[in-house]
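# Chain and residue survey
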Amino acid sequence: MKVKNFKSKFVKNNKINYIVTIILQIIVGVINISLAFFIMLVVSSMENKDTNLFKLSMLLIVAIAIVFIFFSSLLKGFKNRYMKQALFQFKKYVFKKILNKSIGELSSKFISALSNDLTVSVKKSTRSN
């Protein structure tokens, strides 16, 4: 199977979560960079003993931190939903492929172990993100 076709199995019926996750990931990255820039302004204002720039920089850092927390929370939620749906679709795909094999090629012990492993990985991935 081609890689592109394989990847599409995870995005199928999951496009909104996928697209929103990518957009939020970019937004959080931009916020991280802007936060570093404003920290640089704080240091610069302290070196120059400019209290007005210092106050403004600190205010912007607090505002950016609040925005960062908001977007990070959104990212975590959408990423978890995407991963959960993708892993569910993968589990469904794997079982469909396994069940299309002849009974002599499989054992119930193998199917049970695979099911347990995939269930555990779905639970772990949604907790860690």
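The notes below deal with the structure included here.

Criteria and thresholds
Residue numbers here run from 1 along each chain, matching the order of that chain's written sequence. Whole-chain, interface and lining totals are the exception, using all residues; otherwise, since this is a predicted model, local features are given only for residues with pLDDT of at least 70 and side-chain atom pairs are given and counted only at 80 or more. As a rule here, side-chain values come from all non-hydrogen atoms in the structure, and water together with hydrogens is ignored. In DSSP terms, a helix is any run of H or I states spanning at least four residues, a strand is any run of E spanning at least two, and both are numbered starting from the N terminus. Note on classification: 1.4 Å probe, protein chains only; a residue is buried when its accessible area is under 20% of the maximum for its type, exposed when over 50%, partly exposed between these limits. The contact definition used throughout considers only heavy atoms, calling two residues in contact when any of these lie within 4.5 Å. Accessible surface area values rest on a Shrake-Rupley calculation with a 1.4 Å probe, where residue burial reflects the displayed protein chains alone. Centres within 6.5 Å make a pair out of two Phe, Tyr or Trp rings, where for Trp the six-membered ring is used; the pair is then stacked when the planes are under 30 degrees apart, edge-to-face when over 60, and tilted otherwise. A ring is considered to have a charge above it if a Lys NZ or an Arg CZ atom is located within 6 Å of its centre and within 35 degrees of its normal. To estimate the expected span of a helix, count its residues, drop one, and scale the result by 1.5 Å. Two N or O atoms count as a polar contact when they lie within 3.5 Å, although within protein this holds only if one can serve as hydrogen donor and the other as acceptor, and sequence-adjacent residues are included solely when both atoms are side-chain atoms. By definition, no residue in a patch forms a salt bridge, and every one has over 30% relative accessible area; like charges are joined within 9 Å, nonpolar side chains (Val, Leu, Ile, Met, Phe, Trp, Tyr) within 5 Å. Take a side-chain nitrogen of Lys or Arg and a carboxyl oxygen of Asp or Glu: if they are within 4 Å of each other, that pair is a salt bridge. Here an angle of 0 to 180 degrees is reported between the N-to-C directions of two axes, which are lines fitted to C-alpha atoms, with helices fitted over the stretch in contact. Oblique is the label for any angle not under 35 degrees, not over 145, and not in the 65 to 115 range, which are roughly parallel, roughly antiparallel and roughly perpendicular in turn. Helix crossings get a hand from a simple test, with the near helix turned counterclockwise from the far one by less than a right angle marking a left-handed crossing and a clockwise turn marking a right-handed one. Under the convention adopted here, Pro, Cys and the residues Ala, Val, Leu, Ile, Met, Phe, Trp and Tyr are nonpolar, Asp, Glu, Lys and Arg are charged, and Gly plus all remaining residues are polar. Buried Ala, Val, Leu, Ile, Met, Phe, Trp, Tyr and Cys residues form a nonpolar core when they are joined through side-chain atoms within 4.5 Å.

What follows covers the overall build of the protein. In terms of helices and strands, the protein carries four helices and zero strands. The linear arrangement of helices and strands in the protein, starting from the amino end, is α-α-α-α. Per-residue burial over the protein gives 24% buried out of 129 residues. Sequence-distant contacts in the protein: of pairs separated by 6 or more residues, those separated by 24 or more amount to 73%. Accessible surface, the protein as shown: approximately 9,500 Å² in total, 68% of it carbon and sulfur.

Attention now goes to the packing of aromatic side chains. Taken as a whole and judged by the stated rule, the model has three aromatic pairs. With 5.5 Å between their ring centres and 45 degrees between their planes, Tyr 18 and Tyr 82 make a pair best called tilted. Pair noted here: Tyr 18 is in helix α2 (residues 15–48) and Tyr 82 is in helix α3 (residues 51–99), with a separation of 64 residues, a long-range link. Measuring from centroid to centroid gives 5.2 Å for Phe 70 and Phe 71, while their planes differ by 75 degrees, and the two rings are edge-to-face. Taking the ring centre of Phe 78 as reference, the NZ or CZ of Arg 81 above it sits at 4.6 Å.

Here α2 spans 50 Å end to end across 34 residues, near enough to the 50 Å set by a 1.5 Å rise per residue. For α2, the full list of buried residues reads Asn 17, Thr 21, Leu 24, Val 28, Ile 31, Leu 35, Phe 38, Val 42 and Ser 45. Looking at the buried positions of α2, the neighbouring elements they touch are α3. Just beyond α2, the residue with positive phi is Lys 49, at close to 55 degrees.

Over its 49 residues, α3 extends 70 Å from the first C-alpha to the last, a length consistent with the 72 Å expected when each residue adds 1.5 Å. Measuring from the backbone nitrogen of Asn 52 back to the side-chain oxygen at the start of α3 gives 3.3 Å, which picks out Asp 50 as the cap.

Looking at the element boundaries, Ile 31 is found in helix α2. The exposure class of Ile 31 is buried, given its relative accessible area of 9%. Measuring from C-alpha to C-alpha, the distance between Ile 31 and Val 67 comes to 8.1 Å, with 36 residues separating the pair along the chain.

In this section: a nonpolar patch on the surface. A contiguous nonpolar patch, built from Tyr 18, Ile 19, Ile 22, Ile 23, Ile 26 and Val 30 and spanning about 530 Å² of accessible area, is present on the exposed surface. Tracing the backbone through its elements, the reader meets Val 30 in helix α2.

Contact pair α2 / α3: the axes reach a minimum separation of 8 Å and the direction vectors enclose 160 degrees. With respect to their mutual orientation, α2 and α3 come out roughly antiparallel. With respect to the hand of their crossing, α2 and α3 are arranged in left-handed fashion. Residue composition of the contact of α2 with α3, by class: 25 nonpolar, eight polar and two charged.

Right, let's talk about the nonpolar core for a bit. Judged by nonpolar contacts, Ile 31, Leu 35, Phe 38, Val 42, Ile 61 and Ile 64 together constitute the single largest core of six residues. Among the secondary structure elements, those contributing two or more residues to this core are α2 and α3. When residues in this core are grouped by element, the largest group, four residues, is from α2. Not counting the four nearest positions on each side in its chain, Phe 38 is found in contact with Ser 57, Leu 60, Ile 61 and Ile 64.

Before going further, it helps to examine the environment of Ala 65. Note on placement: Ala 65 falls in helix α3. Among the residues examined, Ala 65 registers a relative accessible area of 27% and is labelled partly exposed.

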